[in-house]
Amino acid sequence: MDRKVEKSEDEWKKELTPEQYKVLRKKGTEPAFTGELLHNKVKGMYVCAGCGAELFDSDTKYDSGSGWPSFWQPAEKENIEEKTDNSLFMRRTEVLCKKCGGHLGHVFEDGPQPTGQRFCINSLSLGFKKKDEKQEQP
Ligand code: FE
């Protein structure tokens, strides 16, 4: 897989917090209901905490009750990679940042319409960019 952002393990360790590193680079999962962005309702863009790629628009965020930030659609399909994950004796679909290969979470088919998808994403994998009202067209 061709990554636009490639870094050594040492570089990632230096740039990320230990908690972010564990999730993004080691496919860990943050404990449910601990994510800083879980209850964020501000309008804006959720970006990859590893490389800044735009991943999810606040307009697609909803409260799934799972304890992790949930979205029903990625902002840009090309910024996301989906991969079959058979770990922990389950068959799940892992969601990664296509640009840096960072682990984001999983996608399930029990989300709301119009997509029916639930992107269950670690808050630790995300950064948040508030919408800049000044950039809006008049
Ligand atoms: Fe990334």
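Basis of the calculations
Residues numbered from 1 in each chain as written. Predicted model: local features only at pLDDT ≥ 70, side-chain atom pairs only at ≥ 80, totals over all residues. Heavy atoms only, no water. Donors = N, O, S within 2.8 Å, 3.2 Å for Na, K, Ca; no water. Tetrahedral: all angles 85-135°; square planar, octahedral: opposite > 155°, others 65-115°. Phe/Tyr/Trp six-rings, centres within 6.5 Å; stacked < 30°, edge-to-face > 60°. Helix = DSSP H or I, 4+ residues; strand = E, 2+ residues; numbered from the N terminus. Buried < 20%, exposed > 50% of the residue type's maximum accessible area, 1.4 Å probe, protein only. Lys NZ or Arg CZ within 6 Å of the ring centre and 35° of its normal. Pairing = 2+ DSSP bridges.

Asks: Tell me what's going on with the coordination of the iron ion, and back it up with residues and numbers.
Replies: Listed as protein donors to the iron ion are Cys 48 (SG), Cys 51 (SG), Cys 97 (SG) and Cys 100 (SG); their distances from the metal cover 2.3 to 2.4 Å. Because the angles between the 4 donor atoms bound to the iron ion fall within 100 to 116°, the donor set is best described as tetrahedral. When the donor residues of the iron ion are listed from N- to C-terminus, their spacing reads C-x2-C-x45-C-x2-C.

Asks: Talk me through the packing of aromatic side chains; I want residue IDs and the actual numbers.
Replies: All chains considered together, the criterion is met by 4 aromatic pairs. When the ring of Tyr 46 is compared with that of Phe 71, the centres are 5.1 Å apart and the planes differ by 65°; the resulting orientation is edge-to-face. Residue Tyr 46 is found in strand S1 (residues 44–48), and its partner Phe 71 is found in strand S4 (residues 70–71); the two are separated by 25 residues along the sequence. Plain terms: the ring middles of Phe 56 and Phe 119 are 5.6 Å apart, the flat faces sit at 55° to each other, and that makes the pair tilted. Of this pair, Phe 56 sits in strand S2 (residues 54–57) while Phe 119 sits in strand S8 (residues 118–121), placing them 63 residues apart in sequence. Considered together, Phe 56 and Phe 119 belong to a single accessibility category, that of buried residues. By way of ring pairs, the aromatic residues Tyr 46, Phe 56, Phe 71, Phe 119 and Phe 128 are connected into one cluster. When the ring centre of Trp 12 is taken as origin, the NZ or CZ atom of Lys 7, which lies over that ring, is 5.0 Å away.

Asks: How would you explain the sheet that holds strand S7 (residues 103–108) if you had to name every residue and give the values?
Replies: With respect to topology, 6 strands assemble into an open sheet ordered S3-S4-S8-S7-S6-S5, the strand pairing being antiparallel. Bordering the open sheet on either side are strand S3 (61–62) and strand S5 (80–85), each of which pairs with just one other strand. Both S7 and S8 contribute to a ladder of 4 bridges, which runs antiparallel. By the bridge assignment for S8, Phe 108 is matched with Arg 118.

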